[in-house]
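# Examination of the molecular architecture
Here is how the chains run, residue by residue.
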Amino acid sequence: MGYIEKSLMDGEQIVYQPQLHSVIYWRPALLAVLGILILVVPTEGKLLYIQLALSTLLVFLSILGSIKAHGGRQYVLTNKRLIAKKGIIERNSLELMLRKCEGVQIKQSFIGRIFDFGTILVTTGEATNKFDHIKDPIVFSTRINQMIDNLKPSDS
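First, a word on what this report is: a plain description of the structure on this page. If you're wondering where the values come from, they're calculated on a predicted model, not measured in any experiment.

In this section: the overall build of the protein chain. For the protein chain, the helix and strand inventory stands at 5 helices and 7 strands. For the protein chain, the sequential pattern of α-helices and β-strands runs α-β-α-α-β-β-β-β-α-β-β-α. Since a compact globule built from 156 residues should have a radius of gyration of about 15 Å, the 21 Å found for the protein chain marks it as more spread out than a globular shape. Relative to its 156 residues, the protein chain shows a buried fraction of 33%. Taking contacts inside the protein chain between residues at least 6 apart in sequence as the whole, the part at least 24 apart equals 52%. Taken as a whole, the protein chain presents about 10300 Å² of accessible surface, with 58% of it coming from carbon and sulfur. Each charge class in the protein chain can be summarised by its mean position, and for the 18 positive and 13 negative side chains these summaries are 5 Å apart.

Before going further, it helps to examine the side chain of Ser141. Its location among the elements puts Ser141 in helix 5 (residues 137-151). For Ser141, the residues in contact, after removing those within four places along its chain, are Val104, Ile106 and Ile120.

Right, let's talk about the pairing of strand 7 (residues 127-135) for a bit. Bridging between strand 6 (residues 117-124) and strand 7 involves 7 bridges; their strand directions are antiparallel. Bridged to Ile120 within strand 7 is Phe131. Two successive antiparallel strands, strand 6 and strand 7, enclose a turn made up of 2 residues, where Gly125 displays a positive phi of approximately 65 degrees.

Before going further, it helps to examine the packing of aromatic side chains. Between two aromatic rings, the relevant description is the distance of the centres plus the angle of the planes. Going through the model one piece at a time under the given rule, you end up with 4 aromatic pairs. Seen in terms of ring centroids, Trp26 and Phe115 are 5.0 Å apart; in terms of plane orientation they differ by 80 degrees. Their pairing is edge-to-face. Of this pair, Trp26 sits in helix 2 (residues 26-38) while Phe115 sits in helix 4 (residues 110-115), and the two are 89 residues apart along the sequence. With relative accessibility at 35%, the residue Trp26 sits in the partly exposed group. Judged by relative accessible area, Phe115 falls into the partly exposed class, the value being 41%. A ring pair is formed by Phe131 and Phe140, whose centres lie 6.2 Å apart and whose planes are at 85 degrees; its orientation type is edge-to-face. Take Phe131 and Phe140: they sit in the same class, and that class is buried. Aromatic ring contacts, followed pair by pair, group Tyr16, Tyr75, Phe131 and Phe140 into a single cluster.

A cluster of nonpolar side chains, contributed by Leu54, Leu57, Phe60, Leu61, Ile63, Leu64, Ile67, Ile88 and Ile89, occupies part of the molecular surface with about 900 Å² of accessible area. Note on Ile88: relative accessible area 59%, which makes it exposed.

Basis of the calculations
Residues numbered from 1 in each chain as written. Predicted model: local features only at pLDDT ≥ 70, side-chain atom pairs only at ≥ 80, totals over all residues. Heavy atoms only, no water. Helix = DSSP H or I, 4+ residues; strand = E, 2+ residues; numbered from the N terminus. Rg over C-alpha atoms; globule rule 2.2 N^0.38 Å. Buried < 20%, exposed > 50% of the residue type's maximum accessible area, 1.4 Å probe, protein only. Contact = heavy atoms within 4.5 Å. Areas by Shrake-Rupley, 256 points an atom, 1.4 Å probe, with all protein chains shown as cover. Lys, Arg positive; Asp, Glu negative; His and termini not counted. Charge placed at Lys NZ, Arg CZ, Asp CG, Glu CD. Pairing = 2+ DSSP bridges. Phe/Tyr/Trp six-rings, centres within 6.5 Å; stacked < 30°, edge-to-face > 60°. Patch = residues over 30% accessible without salt bridge, like charges linked within 9 Å, V, L, I, M, F, W, Y side chains within 5 Å. Salt bridge = Lys/Arg side-chain N within 4 Å of Asp/Glu carboxyl O.

This is the structure in structure tokens:
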């Protein structure tokens, strides 16, 4: 059982769990490809050892970059809260009560529009909370707004 499941309140249910876009792994992947391409160049002697060391270093750095890029991030929308958890060794969590949320904004760059990823900004009072590299941010934004609207008392 993960952090999110352990932190659910009584009667709270997960409504939506957005995915992180694969764009977070593009830089580490390019570094790994570069490390592998270095091995293609034919060399011998001391230069071969330098080539192997450099290639190994680049692949190792790409693995570390992938771990850092994901960073144990999890975002979850429940029927009561918006929860963000970051960290693998250390944990940093953010829990926003939906009834306190005032606005939801989507930020997408040109590349983000093409590959369908973006940042969701949720405002609560004077604070703005950021949810980066969300795959299909329009769906996440719509779900947040829908849950906020569901919590409003109905006019009878």
